[in-house]
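Architecture at a glance
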There are 6 protein chains.
Amino acid sequence: MKNESFNSITMRYMKEDYPDLYDSIVSLNNSVYNGNSLSYKTQKLVAIALTSSTSDDRAIEKQMISGIKEFDLTKDEIMDVLKVVLLISGKPAFTKAVGILYDVLNK
Amino acid sequence: MKNESFNSITMRYMKEDYPDLYDSIVSLNNSVYNGNSLSYKTQKLVAIALTSSTSDDRAIEKQMISGIKEFDLTKDEIMDVLKVVLLISGKPAFTKAVGILYDVLNK
Amino acid sequence: MKNESFNSITMRYMKEDYPDLYDSIVSLNNSVYNGNSLSYKTQKLVAIALTSSTSDDRAIEKQMISGIKEFDLTKDEIMDVLKVVLLISGKPAFTKAVGILYDVLNK
Amino acid sequence: MKNESFNSITMRYMKEDYPDLYDSIVSLNNSVYNGNSLSYKTQKLVAIALTSSTSDDRAIEKQMISGIKEFDLTKDEIMDVLKVVLLISGKPAFTKAVGILYDVLNK
Amino acid sequence: MKNESFNSITMRYMKEDYPDLYDSIVSLNNSVYNGNSLSYKTQKLVAIALTSSTSDDRAIEKQMISGIKEFDLTKDEIMDVLKVVLLISGKPAFTKAVGILYDVLNK
Amino acid sequence: MKNESFNSITMRYMKEDYPDLYDSIVSLNNSVYNGNSLSYKTQKLVAIALTSSTSDDRAIEKQMISGIKEFDLTKDEIMDVLKVVLLISGKPAFTKAVGILYDVLNK
């Protein structure tokens, strides 16, 4: 999350056009993902859950891809997260996220 | 989560009045929190994040209390979760959840 | 819904202070709840579902009370609606709404 | 809803890979849509409303298609539901769902 | 907002098929955007914020395009709005809206 | 917004217990509300809209009070914002926020 989310085109535009804001986001990002008590992997799983529960397809896909690349998250681990999404955020959010997960894995 | 969330008055009413539905919820709950790949503790942290990001005060408080009782979650661990809530769900959701966390800890 | 939601203090303030806006809301409300194809009772059940899925306690309570008063909605009918809320919007939304339903019925 | 939502690719993957979870979802689904007091058709209308208010395009489309196939829901009946979505969930949710409805009907 | 949002295909369908409802929406729209105390431009900025915080891509894009056409909103002005979205609604909502803004500007 | 939101008990706790995170939030806050192109007052109005559309009572109240104190926002100006909330986020969000506005003004 630290690096990948700052390589998006959007973030590169921002870095160029709004460097102060960009720096603040990077600084906040670093304060958030600092592995104080929980591992960064656990925080990543939390991020996948939150994104699945509220966001658009691309954001969910990006979180899953980076989680798999950076932490070797397995299908089962992500499913353990999405099951909580099912219970707390409902079936459409769950089904959408599971569909994206299988797409990512089958690519 | 397994047990505590079924001890609420609401759930006891449901058990009496809608036993079939109650059983289905319990069954789903058990399939969700089965610690397949992630520990139940990690799933609990995910549940705290999702609840903080979308739900009402009592649900957030209940999740935090049960997480502290069942898994000895520390303030720092819960804060590591809420920091991700800040980044992904925004400052009001974060501030509300942090406020509830301090209330729970100061009781 | 037609009448009750315009008797709230808020709506009475609005009628006095912003009569044009008030009239537009009443007009929209009447176009919405006109029982074209579905009965107004069915629309009321839909309104209870939507309110339970996203809103605050008072709005949910108000919808339920007016549904019970105006259409003699039974506990079972409202539960049949809330069960769909459980599946689509998740357990915290469901639990909250069920709790409010029992509170309303036990008053 | 009972059948159609379990024929999606996602659900078929889940049946194979996570049979326990799959069974729990089917069981919950059956407890939800059991036509205790309200007809299953009314519950379907509620499901269309909730999905329109919070979910992505495909979920909304799926709910509408299955409602039209299984219950011969008419355009007017679905519009009576979406009108409540307009009032309670706002104009963008309404406009999106109306657009999908016309697409489904014009196919 | 006044005019553009009623030129969409969806709204033209509605005008034909549901003229009463259509008229109520137009009337509400006019009561909302009447520039009583705030300029219509400021209300447009508020509309961009709210749409970015909760809606789908097309709605966000439409709001931005009409804001640029009708009020000559600049990139910096819209960014000043989206920055508040970042703080209050979180990073995924912000990133999505910024991406759409750059797409609109680069067309 | 700059100052008031950091005087809450929650923020004071955070400053003591999580100074790094606190500093990042302050820094982001300053980058957000920097009055580049829009006035800070306009950004405040946007913040009131976003908070009204998604958050809890206390957050809405806090935003309104600080907007009235810092910028002499009038009832009519805030109503012009809430009218957009009505159209885009629906009637329950609007009614709740209007209720809070009148409470704040009548205190």
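The shown structure was predicted, so the numbers you read here are calculated from the model rather than taken from an experiment. (Residues numbered from 1 in each chain as written. Chains lettered and ligands numbered in written order. Predicted model: local features only at pLDDT ≥ 70, side-chain atom pairs only at ≥ 80, totals over all residues. Heavy atoms only, no water.)

1. Observations regarding the overall build of chain A
In terms of regular secondary structure, chain A is built from six helices and zero strands. When the helices and strands of chain A are read in sequence order from the N terminus, they spell out α-α-α-α-α-α. In terms of C-alpha radius of gyration, chain A reaches 14 Å, essentially the compact-globule figure of 13 Å for 107 residues. Based on the C-alpha atoms only, the size of chain A along its principal axes is roughly 40 × 30 × 25 Å. Burial analysis of chain A (107 residues in total) assigns 64% to the buried set. Excluding contacts between residues fewer than 6 apart, the proportion of contacts in chain A whose partners are at least 24 apart in sequence is 55%. Surface exposure of chain A reaches about 4,000 Å², of which carbon and sulfur atoms provide 48%. Averaging the locations of the 13 positively and 14 negatively charged side chains of chain A gives two centres separated by 4 Å. (Helix = DSSP H or I, 4+ residues; strand = E, 2+ residues; numbered from the N terminus. Rg over C-alpha atoms; globule rule 2.2 N^0.38 Å. Buried < 20%, exposed > 50% of the residue type's maximum accessible area, 1.4 Å probe, protein only. Contact = heavy atoms within 4.5 Å. Areas by Shrake-Rupley, 256 points an atom, 1.4 Å probe, with all protein chains shown as cover. Lys, Arg positive; Asp, Glu negative; His and termini not counted. Charge placed at Lys NZ, Arg CZ, Asp CG, Glu CD.)

2. Let's talk about the relation of the copies chain A and chain B
Once chain A is rotated about the relating axis by 180° and shifted along it by 0.0 Å, it coincides with chain B to within an RMSD of 0.0 Å. On this basis, the relationship between the two copies can be described by a two-fold rotation axis. Considering only C-alpha atoms, the residue of chain A closest to the rotation axis is V46 of chain A, which sits at 2.6 Å. Here 100% of the contact residues of chain A are again contact residues in chain B; the copies associate through an equivalent surface. (Least-squares fit on C-alpha atoms with pLDDT ≥ 70 in both.)

3. Notes on the relation of the copies chain D and chain C
Aligned on chain C, chain D shows an RMSD of 0.0 Å; the corresponding rotation is 180° and the shift along the axis is 0.0 Å. Here 100% of the interface residues in chain D have copies in chain C that are interface residues too; the copies meet face to matching face.

4. Comments concerning the interface of chain D and chain C
Taken together, the 32 residues of chain D in the interface contact 32 residues of chain C. For the pair chain D and chain C, the summed buried area comes to about 2,600 Å², and 73% of that belongs to carbon and sulfur atoms. Between chain D and chain C we count 10 residue pairs in polar contact (both at pLDDT 80 or more) in total. Elements that contribute at least two residues to the side of chain D that touches chain C include exactly α2 (19-32), α3 (40-54) and α5 (75-89) of chain D. Of all the elements, α5 of chain D adds the most residues to the side of chain D that touches chain C, at 11 residues. Of the residues contributing to the side of chain D that touches chain C, the split by class is 15 nonpolar, 13 polar and four charged. (Buried area = accessible area lost by both parts, 1.4 Å probe. Polar contact = N/O pair within 3.5 Å; in protein donor to acceptor, adjacent residues only side chain to side chain. Nonpolar A, V, L, I, M, F, W, Y, C, P; charged D, E, K, R; others polar.)

5. What about the pattern of salt bridges?
Under the defined criterion, the tally for this structure stands at 42 salt bridges over all chains. Across the salt bridge formed by D80 of chain A and K83 of chain A, the nearest N and O atoms sit 2.8 Å from each other. Here D80 of chain A pairs with K83 of chain A, and both are found in helix α5 (residues 75-89), just three residues apart, close to one helical turn. Using a relative accessible area of 2% as the deciding quantity, one classes K83 of chain A as buried. E77 of chain D serves as the salt-bridge partner of K41 of chain D, at 2.9 Å between the closest nitrogen and oxygen. Taken together, the residues K41 of chain D in helix α3 and E77 of chain D in helix α5 connect sequence positions 36 residues apart. Given the relative accessible area of 28%, K41 of chain D is considered partly exposed. Within the structure, one salt-bridge network assembled from shared partners comprises D56 and R58 of chain A together with D57 and K96 of chain E. (Salt bridge = Lys/Arg side-chain N within 4 Å of Asp/Glu carboxyl O.)

6. A look at the packing of aromatic side chains
One pair of aromatic rings is described through two measures. These are the centre distance and the angle between the planes. Counted according to the given criterion, the structure contains 18 aromatic pairs over all chains. With a centroid separation of 4.9 Å and 85° between ring planes, the pair formed by Y40 of chain C and F71 of chain C is classed as edge-to-face. Within this pair, whereas Y40 of chain C is found in helix α3 (residues 40-54), its partner F71 of chain C is found in helix α4 (residues 57-71), the two being separated by 31 residues in sequence. Neither residue differs from the other here; Y40 of chain C and F71 of chain C are each classed as buried. Ring geometry for Y102 of chain D and Y13 of chain E: centres 4.3 Å apart, planes at 5°, overall stacked. Note that Y102 of chain D is positioned in helix α6 (residues 91-106) and Y13 of chain E in helix α1 (residues 9-17), a pairing that runs across two chains. An aromatic cluster of three or more residues is present, and its members are Y33, Y40 and F71 of chain A. (Phe/Tyr/Trp six-rings, centres within 6.5 Å; stacked < 30°, edge-to-face > 60°.)

7. With respect to the environment of K107 of chain C
All names here are of chain C. By the secondary structure assignment, K107 is in the segment after α6 (91-106). Sequence separation between K107 and S53 is 54 residues; the distance between their C-alpha atoms is 23 Å. Within the local environment of K107, its side chain forms a polar contact with the side chain of E61, the two groups lying 2.7 Å apart.

8. Remarks on the interface of chain A and chain B
Tallying the contact residues gives 32 residues for chain A and 32 residues for chain B. Summing both partners gives a buried area of about 2,600 Å² for chain A against chain B, and 73% of it is carried by carbon and sulfur. At the junction of chain A and chain B, the tally comes to zero salt bridges. Our enumeration of links across chain A and chain B arrives at 10 residue pairs in polar contact (both at pLDDT 80 or more). Residue assignment for the side of chain A that touches chain B shows that the elements contributing at least two residues are α2 (19-32), α3 (40-54) and α5 of chain A. Residue classes in the side of chain A that touches chain B are distributed as 15 nonpolar, 13 polar and four charged.

9. What to know about helix α5 (residues 75-89) of chain B
All names here are of chain B. For α5, spanning 15 residues, the distance from its first C-alpha to its last is 20 Å, which sits close to the expected 21 Å at 1.5 Å a residue. Judged by how many residues are buried, α5 sits mostly within the fold: 13 of 15 residues are covered. At the exit of α5 stands G90, carrying a positive phi of roughly 100°. (Expected span 1.5 Å × (residues − 1).)

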